Structures are given as structure tokens and as C-alpha cells.
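The lines below spell out each chain.
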Amino acid sequence: MSIYGTCNLCNSDLIYSQAAEKFFGNFYNCSQCKKYAIEVNIENAIMDPRDDIAKYRSILAGYLLERRDRKNPISIRNQDDLDRIINDPSVPKTITEKKNKLLKYISLSGNIGEIVEVPFAAAYAENDSELMALIKDLEKKSYIKNYSDDGGYGAEITVEGIEYLESSSNINDSKNCFVAMWFSDLMESAFNNSIYPACGENGYLAQKINDTHFNGDIMEKIHSQINKCRFVIADLTGYRGGVYYEAGYARGLGKEVIFTCKEDWYNKLVLEEVDTYKNKKKVNSEKRFVEELREVHFDLSHMNTIMWVDELDLKKKLFERIQLTIGVGVK
Ligand SMILES: [Zn+2]
């Protein structure tokens, strides 16, 4: 059964709505927010102006609008999900950040010469006067032409506006994920078949430094990419010092780091086949086995590491972890 109406978050038309599948709540397809599901108590609280949570309504609408190109619905199943969205680094906290969001929306929605309709959510604005103030300020700086009137809000990006956006890089908006990993055939394949698509399906671009020559320039490049990324995936397979270094560097900067490790590399005692030598000559007929402890360093062994068996397993678990702890990337 479907009921149509208005979206509780952004007031736009709903394409359809139905009960959520996996929890007590509603699933919506909104013309503006696109697909999302929300738990019933949280939805009621957001609609009640007396509730503290009501102030988050504009944040949710902005967050969903910014991710309008996503393939998968965004679920707000509980307080944790709500907190994660509210505290997402991409959510603007200052008036300048709201203005930048608005300008970015206008520039992404139309070229020079095209008037685009501006919804409240584009600026995470709470009301008419806030949106109008932001539009007027961008107009004053010649970043947009303002076409708002009694019928609604409209604007057009200018050359100055595009130049401003190009010159200001907003780190919190980064859709890049830095991947620290062992450079081996095993991991190259896991990157291509698991890590890259798991990031991509959540709206992030997985990047790795493909070079084994760790000279000064490479280190600078690694630092710069970690500085700019939204989060880091560190795969501990192979026990590589570089991976530990990069994960530590990222943690020091306060970045989220997701640890992964192939199961048979995680504190496993394995039998390694080695050659036998007699008088420094290899004896082909006498292969022998030695025990080798493949371990994750003690410092990291308590981290909530994703253990993976094969590429399919890694892709599935990584996709879920990114969705749960990082959220969906912005356009
Ligand atoms: Zn909506």
C-alpha cells in the first residue's frame, strides 16, 4: 500500500512511501531527498517543534540532498544513525560553510546562463530568512545572480562563483579514501575487486600510492593525500611497516581509519615451505616446512579489524562498515 504526500524533512512531493522493511518506521522516495528510511520515534521527534531533535530536520534534508546521486537508500534506524549524520564532518557548522554548500549546489545544478531552483536544503537553511540572507550575500560577492521572487528561490552561477569554488578546497567534503596496503598481486586484486567498488558504491573514490620507492617525494605525496582524504582504509595483510605508518599518521590527524586483514594473515601460525641447503647448495629433493607466525602488531590487535576470507567477503563487509561508520559521500 502506498500513500503519497509531502516529505517531512524537506516539504517536497513524495514519489512513494511504505513501511520500512527491517525496522519499525517508514521508507520514502522523495523527489528531493531521494530514497531514505526513518525510524518512527525519530521521525515523530523531528516533526515536533518542542523536541530537541527538531532542529536536526534541516541537517537531515541537507545531508540527503547532497547525496542525491546515491544508489542505495540512507537509513536512520536509531539514535546512533542520527548522531552519525549530525556529526558528519561534511555537515556545515558555520554560516560560511552553509554559504559554500549553497554555492556548490548552484554550480553543480546548472551552468552559467542557467537559472536553477534553490531548495532550503541546499544551504542546510532552517527558514526563509536564513536562505535569503545567504543568497543575498553570495549575490553581493558576485558569485551568483539572484532570481528569487515571491514564487520561489532561483539563482545562476557566475564566473566569479566558479573561480571561488575552484580556489577553496573544502577538506570535509572530500570524497577520497586513502588506501594503505601491501603492494602484492593478492592485494592489487583485492583493491580492484573489493576495496575500490565498496568505496565507489558509498560515493567515495579509493586511492592508493602505487610505488615501492619510498623516497622523499613519495612520502610527501602520501602525507598530502592522507591530509586531504575523508577516511583511510588500512589493510594489515602482509605485515607491512608502511601500512602501520600511514594508519598512525591518519589517526594522529583525527581521521577515521578502517582496518582490514585477510584472515590467514591475522595472528595465524602457518607452515611455510622452504628449501633445504647443504654446503650452501639447494637440495631439491628435500623440501621442508617451517612454522611462520603471521601476526598483527600488538598495538593494533585490539582494533575492530574486518577479517576477510576472500574478495567477495571483503567487499561486502567493507561496504557495510563504510556505510555504518563513515556514511555516504557527497557529490
Ligand atoms: Zn524530502
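Residues numbered from 1 in each chain as written. Predicted model: local features only at pLDDT ≥ 70, side-chain atom pairs only at ≥ 80, totals over all residues.

Within the chain one finds eleven helices and 14 strands. Across the chain, contacts joining residues at least 24 apart in sequence account for 60% of those joining residues at least 6 apart. (Helix = DSSP H or I, 4+ residues; strand = E, 2+ residues; numbered from the N terminus. Contact = placed C-beta atoms within 7 Å.)

The strands making up a sheet associate through backbone hydrogen bonding, with each pair oriented either parallel or antiparallel. On the basis of which strands lie adjacent, the open sheet formed by five strands has the order E9-E8-E10-E11-E14 and parallel pairing. Sheet topology places strand E9 (205-207) and strand E14 (306-308) at the edges, where each strand pairs with a single neighbour. Ignoring which end each strand starts from, the neighbouring axes of this sheet average 25° apart. In the sheet, strand E11 (residues 256-262) pairs with E14 via three bridges, with the strands oriented parallel. Looking at E14, one finds that Cys-261 is bridged to Met-307. Of the strands in this sheet, strand E8 (176-180), E9 and strand E10 (231-235) are in contact with helix H7 (residues 185-200), which crosses E9 at around 155°. In this fold helix H9 (residues 241-252) packs onto E8, E10 and E11, with an angle of close to 155° to the strand it touches most, E10. (Pairing = 2+ DSSP bridges. Axes fitted to C-alpha atoms, helices over the stretch in contact; angles between N-to-C directions.)

Before going further, it helps to spend a moment on unusual backbone geometry. The phi dihedral of Asn-11 falls on the positive side, at around 70°, and the residue is not glycine. With respect to the secondary-structure elements, Asn-11 resides in the segment before strand E1 (14-19). The phi angle at Lys-34 is positive, at roughly 65°, despite the residue not being glycine. Here Lys-34 lies in strand E3 (residues 34-39). According to the C-beta neighbour criterion, Lys-34 is partly exposed, with 19 such atoms within 10 Å. (Buried ≥ 20, exposed ≤ 12 C-beta atoms within 10 Å, placed from the backbone.)

Between the first and last C-alpha of helix H11 (residues 311-325) there are 21 Å, a value that for 15 residues agrees with the 21 Å anticipated at 1.5 Å per step. Among all positions of H11, only Leu-314, Leu-318 and Ile-322 are buried. Across the axial projection of H11, the buried residues extend over an arc of 50°, all falling on one side. Residues of H11 that are exposed and angled more than 90 degrees away from the buried face: Leu-312 and Leu-324. Contact partners of the buried residues in H11: H7, E11 and E14. One or two steps after H11, the chain reaches Gly-327, where phi turns positive at roughly 90°. (Expected span 1.5 Å × (residues − 1). Arc of directions from axis to C-beta.)

A few words on H9. The end-to-end C-alpha distance of H9, which contains twelve residues, comes to 17 Å, matching closely the 16 Å that a straight helix rising 1.5 Å per residue would cover. For H9, the complete set of buried residues consists of Val-243, Glu-246, Ala-247 and Ala-250. The buried residues of H9 occupy an angular sector of 100° when projected down its axis, which confines them to one face. Exposed positions of H9 whose direction lies more than 90 degrees from the buried face are Gly-241 and Gly-252.

Ordered in space as E1-E2-E3-E4, the four strands form an open sheet in which the pairing is mixed. If you trace the sheet from one side to the other, it starts and ends with E1 and strand E4 (74-76), each paired once. Across the sheet, the mean angle separating the axes of adjacent strands is 15° when strand polarity is ignored.

This paragraph deals with the environment of Leu-82. One can find Leu-82 in helix H3 (residues 79-86). Each C-alpha atom, one on Leu-82 and one on Ile-53, is 9.5 Å from the other, the two residues being 29 residues apart in sequence. Setting aside its immediate chain neighbours within four residues, Leu-82 contacts Ile-42, Tyr-56 and Ile-76.

Moving on, we come to the packing of helix H4 (residues 95-109) against helix H6 (residues 159-167). When two helices pack together, you describe them by how their axes are tilted relative to each other and by the distance separating the axes. Viewed as axis vectors pointing N to C, H4 and H6 meet at an angle of 115°, and their least axial separation amounts to 10 Å. The handedness of the crossing between H4 and H6 is left-handed. Along its contact with H4, which presents Leu-103, Lys-104 and Ser-107, the element H6 presents Gly-161, Ile-162 and Leu-165. The residue inventory of the contact of H4 with H6, partitioned by class, reads three nonpolar, two polar and one charged. (Left-handed = near helix turned anticlockwise from the far one by under 90°. Nonpolar A, V, L, I, M, F, W, Y, C, P; charged D, E, K, R; others polar.)

Counting residues in hydrophobic clusters, the biggest one holds 46 residues, and the most contacted among them are Cys-33, Ala-61, Leu-64 and Ile-106. The element best represented in this core is helix H2 (residues 57-66), accounting for six residues. Among the domains, domain 1 (14-86) and domain 2 (95-170) are the pair contributing at least three residues each to this core. Sequence-distant contacts of Leu-64, that is, excluding residues within four places in its chain, are made with Leu-9, Cys-33, Lys-34, Tyr-36 and Ile-74. Counting residues in each nonpolar core, the second largest holds 34 residues, with Ala-190, Leu-236, Val-257 and Leu-318 among its members. (Core = buried A, V, L, I, M, F, W, Y, C linked by C-beta atoms within 7 Å. Domains from an automatic or database assignment.)

Let us look at the pairing of E1. In this structure, E1 lies alongside strand E2 (residues 25-30), joined through five bridges in antiparallel fashion. Note on E2: the bridge partner recorded for Leu-14 is Cys-30. Hairpin connection, E1 to E2: the antiparallel pair is bridged by five residues.

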